[in-house]
Amino acid sequence: MKHRPSERPDDATLVAWLDRELPAADAAVVARHVTDDADLAERVDLLRASRAELAWALDENTSTPPPSTPVLWSARRNRALSHRDRWHVGLWLLAAAALSIVVTIGYRRGDDRAEADENDLLSVRLTTPRAGWDLFSGIRFAIEGRAKTATPCRIVSREKDENDEQLAARALAENGGEPIVPMVLDAELTCPGRRVLGRVAGVDGRFASEPTSVAVELVDLRMPHDGIAPLLNVRLDTDGAREDFLWGFTHGVAPANSDSCGFVPEQTGEYRLRLRLRALPTGAGSPPAFVTPLDIAVGFAVRGRVGEWSEPVDGMRARIVAGQGPGAAGRPFGVALQLRNDSDRDRKFNLTGVTMAKIPQPFHFDLVVDGRSCRQRDDLGVIISAGSSFLPQPIGTVRSAIVLTDYWLADGKPLSELRETHQVSIRFHFEPTLWSDSDKSIWMGQIDTPPITIDFGGR
């Protein structure tokens, strides 16, 4: 270091520290600065965020850039960078991270303490394979755990209307009466602008003396929904949306005014998931259960393209949101129509279903490319619940319909076969077959969302 160790480290020194090139004494000084200085820690996060991209660029690689995952540069490359070069590297990293859609995801100071937790019976850690995900991807996590005694610990999903005592008794019975520590998973999700509490459903995992990994998907979280739950007409896979009209119903996501539903991100931004493992005593003579719950957390970001809200049409506004695009493979990707009720009363309309009115079937909206309305495929197997028709959308809430681009055809071809850059929007138009003039909550008309620009030639 070319300055006194007591001084605040510069960017070049931080880069060297991240590369583990500083002498042990100097590295300890930098570590103390980063621990004590929140602004400096944020700067380190920015430097770390784009290291994989920089490594790829310095190698002059012609392949697809790597995902934003922290990596260590090779010793060969480290030796080639002078102190002056490191200033440029630091500025490059900061600029790349600032321009990236995903910035400082999930590894902020304060989160580290919650990534792992342990007690005398169990040690656990929450991880995710990616720091950033596209909208309408199957966002996944892993609870890595190990029992520290001979008594296994098991996560048990609560059945409908089942209380703690009943759940513990069922877990013990399913284990043949052998000792076990049953646990349930509660969840806290910090979304852009709000924080919600819920529980985890459909996850069952057992931790014994050998390290074990239990998978959790974000849609496994049962969270309260403000308004009508999304109409999910796709499968959420880790690499994006896939065609599947039944998947949402089987994973607890169905359009309804419900207390809770499977969580599907509909906004871009930074998220933070905290899971709490709570043990349930199994009665007298049972093995000890830990009293203080274990808390584990991880951060991640959701990225995508978000259009502007339209002008109101009889109190309703609309916009289009989408994943990052088709990627190099030109595969279909998820898009959503979002409708916001800005009127002075609850509003009713349908997004799908057969009517005698002149509207597209089975969706009551169309994708529009470069100003031209596309045609829906003839073989769309849309599945809707009987109770989802004419649901009242409360004032101030947003309702989403998530679909796949290839449910529409442009000049007879799926949209994923488009190339180059295009303007994409959604036209929502609804007219019921029959209605009562006395019902002032019925909405009908047409809304065109402002378009978003999508490069169909790849990312």
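Residues numbered from 1 in each chain as written. Predicted model: local features only at pLDDT ≥ 70, side-chain atom pairs only at ≥ 80, totals over all residues. Heavy atoms only, no water.

**Section: the overall build of the chain**
Summing up its helical and strand segments, the chain has nine helices and 28 strands in all. Here the chain, with 459 residues, has 51% of them falling under the buried criterion. Excluding contacts between residues fewer than 6 apart, the proportion of contacts in the chain whose partners are at least 24 apart in sequence is 71%. Total accessible area computed for the chain in this model is approximately 21,400 Å², and 51% of it derives from carbon and sulfur atoms. (Helix = DSSP H or I, 4+ residues; strand = E, 2+ residues; numbered from the N terminus. Buried < 20%, exposed > 50% of the residue type's maximum accessible area, 1.4 Å probe, protein only. Contact = heavy atoms within 4.5 Å. Areas by Shrake-Rupley, 256 points an atom, 1.4 Å probe, with all protein chains shown as cover.)

**Things to note about the pairing of strand 20 (residues 365–369)**
With five of five residues buried, strand 20 is to be regarded as a mostly interior element. Of the two faces of strand 20, the one lined by Phe365, Leu367 and Val369 and the one lined by Asp366 and Val368 are each fully buried. Relative to strand 26 (residues 421–430), strand 20 runs antiparallel, the two sharing five bridges. If you follow Phe365 over to strand 26, its bridge partner there is Phe428. Alignment of strand 20 against strand 21 (residues 372–373), held across two bridges, turns out to be antiparallel. In the sheet register, Val368 faces strand 21, and the bridge partner there is Ser373. (Pairing = 2+ DSSP bridges.)

**Here we look at the environment of Arg154**
Its location among the elements puts Arg154 in strand 5 (residues 153–155). You can call Arg154 buried: its relative accessible area is 11%. Placed 30 residues apart in sequence, Arg154 and Val184 show a C-alpha to C-alpha distance of 8.5 Å. In this structure, Arg154 is in contact with Ala171, Glu174, Ile180, Val181, Pro182, Met183, Asp204, Gly205 and Arg206, ignoring residues within four places of it in sequence.

**Observations regarding the packing of aromatic side chains**
A full pass over the atoms with the stated rule returns 13 aromatic pairs. Here Phe141 and Phe300 contribute two aromatic rings whose centre-to-centre distance is 5.5 Å and whose plane-to-plane angle is 65°, an arrangement assigned as edge-to-face. Residue Phe141 is found in strand 4 (residues 140–147), and its partner Phe300 is found in strand 16 (residues 294–303); the two are separated by 159 residues along the sequence. Residues Phe363 and Phe365 carry aromatic rings whose centres are separated by 5.2 Å and whose planes lie at 40° to one another, so their mutual orientation is tilted. Phe365 shares its class with Phe363; the two are buried. The residue whose ring lies beneath Arg340 is Trp309, and the NZ or CZ to ring-centre distance is 4.6 Å. (Phe/Tyr/Trp six-rings, centres within 6.5 Å; stacked < 30°, edge-to-face > 60°. Lys NZ or Arg CZ within 6 Å of the ring centre and 35° of its normal.)

**Considering unusual backbone geometry**
A positive phi is found at Asp370, a non-glycine position, where the angle reads about 55°. Mapped onto the secondary structure, Asp370 falls in the loop between strand 20 and strand 21. Taking relative accessible area as the criterion, Asp370 reaches 43% and is therefore assigned partly exposed.

**Some details on helix 2 (residues 24–36)**
Between its first and last C-alpha atoms helix 2 spans 18 Å; for 13 residues at 1.5 Å apiece the expected length is 18 Å, and the two agree. Buried within helix 2 are the following residues: Asp26, Ala27, Val29, Val30, His33 and Val34. Buried residues along helix 2 cover an arc of 160° about the axis, so they all sit on one side. For helix 2, exposure combined with an orientation more than 90 degrees from the buried face picks out Ala24, Ala25, Arg32 and Asp36. (Expected span 1.5 Å × (residues − 1). Arc of directions from axis to C-beta.)

**With respect to the side chain of Ser343**
Along the polypeptide, Ser343 turns up in the loop between strand 19 (334–341) and strand 20. Within the local environment of Ser343, its side chain forms a polar contact with the side chain of Asn341, the two groups lying 2.5 Å apart. A distance of 3.0 Å separates a polar side-chain atom of Ser343 from the backbone oxygen of Arg345. With residues near it in sequence (within four places) discarded, Ser343 still touches Asp314, Gly315 and Ile395. (Polar contact = N/O pair within 3.5 Å; in protein donor to acceptor, adjacent residues only side chain to side chain.)

**Let's talk about the pairing of strand 12 (residues 234–237)**
As defined by bridge partners, strand 12 adjoins strand 13 (residues 240–243) across four bridges and the pair is classed as antiparallel. Among the inter-strand pairings, Asp237 is bridged to a residue of strand 13, identified as Gly240. Connecting strand 12 to the antiparallel partner strand 13 that follows it, the hairpin turn spans two residues.

**Digging into the nonpolar core**
Counting residues in hydrophobic clusters, the biggest one holds 85 residues, and the most contacted among them are Ile143, Met183, Leu189 and Phe300. Counting 13 residues, the second-largest nonpolar core is a separate cluster that includes Val15, Ala27, Val44 and Leu47. (Core = buried A, V, L, I, M, F, W, Y, C linked by side-chain atoms within 4.5 Å.)

**What about the packing of helix 1 (residues 11–18) against helix 2?**
At a minimum axis separation of 11 Å, helix 1 and helix 2 run at an interaxial angle of 110°. Taken together, the axes of helix 1 and helix 2 lie roughly perpendicular to each other. Our pair here, helix 1 against helix 2, has a crossing hand that is left-handed. When helix 1 is examined against helix 2, the residues Thr13, Leu14 and Trp17 are found in contact with a partner set consisting of Ala27, Val30, Ala31 and Val34. Tallied by class, residues from the contact of helix 1 with helix 2 come to six nonpolar, one polar and no charged. (Axes fitted to C-alpha atoms, helices over the stretch in contact; angles between N-to-C directions. Parallel < 35°, antiparallel > 145°, perpendicular 65-115°, else oblique. Left-handed = near helix turned anticlockwise from the far one by under 90°. Nonpolar A, V, L, I, M, F, W, Y, C, P; charged D, E, K, R; others polar.)

**Brief notes about the sheet that holds strand 18 (residues 316–322)**
Read from one edge of the open sheet, five strands run 11-23-19-18-17, paired in mixed fashion. Only two strands of the sheet have a single partner each, and these edge strands are strand 11 (231–232) and strand 17 (305–306). In this sheet, strand 19 lies alongside strand 18 in antiparallel orientation, the contact comprising seven bridges. Within strand 19, the position partnered with Met316 by the bridge is Asn341.

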